[in-house]
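Next come the chains, spelled out residue by residue.
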Amino acid sequence: MPEEHSQTIMAVDELQAIIQRCQILEEADFKGEDFNLFQVAGQKCLEDGYAAQLLEVIQNEKNKVIIKNMGWNLISPLVRCIFIYKQEDDKREHCLRILEQLAQLCNPKELFLGLLEQIEQTSGEQVCQTVMLLLQPLQTVLLKLQNKKAYSVGLSLAMIMNQLTPLPVPYTKQQIQEDKLGLCQCCNAVVDFAKPFVNEVVKNMEKSSEYNDMELKEELIKFCMKSLQYPLLIAQLEQLEGIEEHPFRHFATEITGILWNIGELIPLVFVHHKGKSPHWENQEFADIERKNSADSLACLSYLMFVQHFGVECFPVVFSPSYLLLCNMTHIEVLLKRTEESVLSKGLDLFESCLLRMEDNSLHHHYLEFRDFINVPQDLVKIMTLCPMEHMRKKSLSILQLFIDKFDTEGKYALFRCLLKTSNHAGVEGYIIKNIKDQIHLALTEYDNIWFMGHHLISLLDLVLSLPEGAETDLLQNSDRIMASLNLLRYLIIKDCESDNQTGVWTTLGKIEQNFLKPLRVGLNMSKAHYEAEIKNKKENRKEAHSSNTVCSVTVSGEKMPAMTTGMQLQVLHSALFTFDLIESVLARVEELIEVKTKAVMDENS
């Protein structure tokens, strides 16, 4: 007989010998040595392919007490062997049946700890496989537990979600279809695992309206909150062509369904802190808990108001402005993130809330809420700093939508705020164009005290100014300067000095002193400087006899890509063209002022 086969037979015989010895012992007489010998022999049988014999031992009624006390020790080698054997292998099937039997026969408390330990120890590509393998036996064991059941369910769900969280969430259609690590399948399997415990809470709530056993309910809320933060906050949740049942959309439906069934969906949408918040002595832990909760609630609002999960349960009694107010905190949370999947959810949620509202319907007092100031500032950051063009464009269109919803006083206050805080010439230029549109409406359609008279003059003090006088960097501020000049030109053409509806003629002297004259001086200085630079570069190029001389340029301490002299000259000429453009509009404004002033003087004389 070959040596290897002999060793295996010895392992089976050894197991039988241990079983026979333990059969005659009382349960209380089992020793630590017996546990160790049983585990080693059982593991050897599994590893050498004798799962069928081990299954017979476990199924033998005479061994019931032994398996109850010792069987949980086989979980680790059992899981290892299941993954080694191929899907169609009979040995794998025997191992699966052993796992099923252990779930029925073992001491629930011991097996529960053994299963959790196995889930905790798994990592990498085997996480989802291990979790899905152990969910059924874990559920069986938890349903048997009498003491600390809620705690054990919560511990199981938390352990599973903690193991899944490091895994990358499939985002593209191809990634979702491939589900390489099994995350999509695993998430939905975890929901099925939780369903008996959800049903238990619902059943108890139906029995008594004063259902006081909140522990299990709170554990389920924690699981839903964790699921909202991961994977749902990161996941692509738009309906994808070619995917009949989107796994993450199905998961979102299940999570919102659990919250609705246990009576927590609507309270969580409107209350920012629900349930017991753990007390952390460490402030850092408290901050992390608060952030995680904010992420989850923001995702829940996105699911309800953008993707319409659970919307059929939503009471149709709230005004669009109130819904916007409730969601602004969530929108701010999402817009502060940098991941495309999260940022896009914030933009979609903001847009969805705004589209429910009529233009000019949002009362200016909403700007007293901090979020109504912070969110447009976050939009400005996305417009100016986000590397993704489609995100920049969308944030600009949403900013305009936000502006359109305010009443005239709200628009006025928002313009003042953005002019003071944006610190970006392009954004300031955009706001100034909006101001011009509001003045046009005030002059042509209806009286509006906020964009005429002394209110407008106060706003023009912000608009028609140079941050550093004649020393202002005109190139960097060109968008703002051009918008300001176009606004001034419009006011002079549209509002006659005799009417002076806007009040611009009253403050013209101040405008000339603080804006037009410094601008003229700054233009002359800038043009002279750049013309001198061009002349210098051309002379240097002649000396080098080549236009391909390469030099390095440093901006804000960072070295920029090398530029040839020809490229530098192109940049300098482009700057000069911008100055010429500003100068042409400035000259037109000065001409209009002179012509209109002369006409009034002629009339008076």
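Just above, that's the structure.
It should be emphasised that the depicted structure is a prediction, and the values quoted were computed from it without experimental measurement. (Residues numbered from 1 in each chain as written. Predicted model: local features only at pLDDT ≥ 70, side-chain atom pairs only at ≥ 80, totals over all residues. Heavy atoms only, no water.)

**Q** Explain the overall build of the chain to me, and be specific about the residues and the numbers.
**A** Broken down by element type, the chain carries 25 helices and 4 strands. For the chain, with 605 residues in total, the buried portion stands at 48%. Considering only contacts in the chain between residues 6 or more positions apart, those separated by 24 or more positions represent 74%. Element-wise, carbon and sulfur atoms account for 50% of the exposed surface of the chain, whose accessible area totals about 30,800 Å². (Helix = DSSP H or I, 4+ residues; strand = E, 2+ residues; numbered from the N terminus. Buried < 20%, exposed > 50% of the residue type's maximum accessible area, 1.4 Å probe, protein only. Contact = heavy atoms within 4.5 Å. Areas by Shrake-Rupley, 256 points an atom, 1.4 Å probe, with all protein chains shown as cover.)

**Q** So, the pattern of salt bridges: which residues are in play, and what are the values?
**A** What the rule picks out here adds up to 24 salt bridges. The shortest N-O distance in the salt bridge between Glu264 and Lys217 comes to 3.2 Å. Taken as a pair, Glu264 in the loop between helix H13 (247-261) and helix H14 (265-270) and Lys217 in helix H12 (residues 215-232) lie far apart in primary sequence, 47 residues in all. By relative accessible area, which is 8% here, Lys217 ends up buried. Of the charged contacts in the structure, one is a salt bridge between Glu351 and Lys394, with a shortest N-O distance of 3.5 Å. (Salt bridge = Lys/Arg side-chain N within 4 Å of Asp/Glu carboxyl O.)

**Q** Quick rundown of the nonpolar core? Include the residues and the values.
**A** Ranked by size, the top nonpolar core spans 181 residues in total, and within it Leu164, Phe223, Phe350, Leu485 and Leu519 carry the most contacts. Not counting residues within four places of it along the chain, the set of residues in contact with Leu164 comprises Val127, Cys128, Leu183, Cys186, Val190 and Tyr230. (Core = buried A, V, L, I, M, F, W, Y, C linked by side-chain atoms within 4.5 Å.)

**Q** Quick one: what's the story with the packing of helix H19 (residues 389-405) against helix H20 (residues 408-421), residue by residue and with numbers?
**A** In the contact formed by H19 and H20, the axes pass within 8 Å of each other and the chain directions differ by 140°. On the basis of the axis angle, H19 is oblique to H20. Crossing geometry of H19 relative to H20 is assigned as right-handed. Here H19 contributes Leu399, Phe402, Ile403 and Asp404 to the contact with H20, which in turn contributes Lys411, Leu414, Phe415 and Leu418. Classifying every residue of the contact of H19 with H20 gives 6 nonpolar, no polar and 2 charged. (Axes fitted to C-alpha atoms, helices over the stretch in contact; angles between N-to-C directions. Parallel < 35°, antiparallel > 145°, perpendicular 65-115°, else oblique. Left-handed = near helix turned anticlockwise from the far one by under 90°. Nonpolar A, V, L, I, M, F, W, Y, C, P; charged D, E, K, R; others polar.)

**Q** Residue-level account of the side chain of Gln229, with values.
**A** Counting through the fold element by element, Gln229 comes out in helix H12. Excluding anything up to four places from it in sequence, Gln229 contacts Ile234, Asn292, Asp295 and Ser296.

**Q** Can you explain the packing of aromatic side chains? Please cite residues and give values.
**A** All chains considered together, the criterion is met by 14 aromatic pairs. Ring geometry for Tyr412 against Trp450: centres 5.1 Å apart, planes inclined by 50°, an arrangement best described as tilted. Linking Tyr412 in helix H20 with Trp450 in the loop between helix H21 (425-444) and helix H22 (453-463), this pair joins segments that are 38 residues apart in sequence. The class of Tyr412 is buried, set by a relative accessible area of 7%. Three or more aromatic residues joined by ring pairs make a cluster, and in this case those are Phe350, Tyr366, Phe369, Phe372, Phe402 and Phe406. Directly above the ring of Tyr302 sits Lys345, whose terminal nitrogen or CZ lies 5.5 Å from the centroid. (Phe/Tyr/Trp six-rings, centres within 6.5 Å; stacked < 30°, edge-to-face > 60°. Lys NZ or Arg CZ within 6 Å of the ring centre and 35° of its normal.)

**Q** Report on a nonpolar patch on the surface, specifying residues and quantitative values.
**A** A cluster of nonpolar side chains, contributed by Val317, Phe318 and Tyr322, occupies part of the molecular surface with about 280 Å² of accessible area. Assignment of secondary structure puts Tyr322 in helix H16 (residues 320-335). (Patch = residues over 30% accessible without salt bridge, like charges linked within 9 Å, V, L, I, M, F, W, Y side chains within 5 Å.)

**Q** Go over the environment of Lys291, please, and point to the residues and values.
**A** Checked against the element boundaries, Lys291 lands in helix H15 (residues 283-305). Classification of Lys291 as partly exposed rests on a relative accessible area of 44%. Note: C-alpha distance between Lys291 and Val333 (42 residues apart in sequence) is 8.8 Å.

**Q** Before we move on, can you summarise H21 with the specific residues and values?
**A** For H21, built from 20 residues, the straight-helix expectation of 28 Å at 1.5 Å per residue is met to within 8% by its first-to-last C-alpha distance of 29 Å. Within the span of H21, buried status applies to Ala425, Val427, Glu428, Gly429, Ile431, Ile432, Asn434, Ile435, Gln438, Ile439, Ala442 and Leu443. Of the surrounding secondary structure, the elements contacted by the buried residues of H21 are helix H18 (370-385), H19, H20, H22 and helix H23 (478-494). (Expected span 1.5 Å × (residues − 1).)

**Q** Could you give an account of the environment of Gln229, naming the residues involved and the relevant values?
**A** Taking relative accessible area as the criterion, Gln229 reaches 15% and is therefore assigned buried. With 64 residues separating them in the primary sequence, Gln229 and Thr165 have C-alpha atoms 9.4 Å apart.

**Q** How would you summarise the packing of helix H5 (residues 75-84) against helix H6 (residues 90-105) if you had to cite specific residues and measurements?
**A** Taken N-terminus to C-terminus, the directions of H5 and H6 make an angle of 150°; their axes are 9 Å apart at the nearest point. Comparing their axes, H6 and H5 come out roughly antiparallel. Considering only the axes of H5 and H6, their crossing is left-handed. From H5, Ile75, Leu78, Cys81 and Ile82 reach across to H6, where they touch Arg92, Cys95, Leu96, Ile98, Leu99 and Leu102.

**Q** Describe the environment of Gln185, with residues and values.
**A** You can see Gln185 is positioned in helix H11 (residues 183-207). Taking the C-alpha atoms as reference, Gln185 lies 9.5 Å from Phe251; in sequence the two are 66 residues apart. When neighbours within four sequence positions are excluded, Gln185 is seen to be in contact with Met132 and Asp179.

**Q** How would you sum up the side chain of Asn434? Please name residues and give values.
**A** As for its placement among the helices and strands, Asn434 is situated in helix H21. One polar contact links Asn434 to Gln400, side chain to side chain, over a distance of 2.9 Å. Leave out the neighbours within four places in its chain, and Asn434 touches Gln400, Ile403 and Phe415. (Polar contact = N/O pair within 3.5 Å; in protein donor to acceptor, adjacent residues only side chain to side chain.)

**Q** Which residues make up unusual backbone geometry, and what values do they have?
**A** Trans is the common state for peptide bonds, and a negative phi is the common state for residues other than glycine. Here the residue pair Tyr230 and Pro231 is connected by a cis peptide bond, since its omega of 5° sits within 30 degrees of zero. Note on placement: Pro231 falls in helix H12. The phi torsion at Lys148 lies on the positive side, around 55°, for a residue other than glycine. Counting through the fold element by element, Lys148 comes out in the loop between helix H8 (127-144) and helix H9 (149-164). Using a relative accessible area of 64% as the deciding quantity, one classes Lys148 as exposed.

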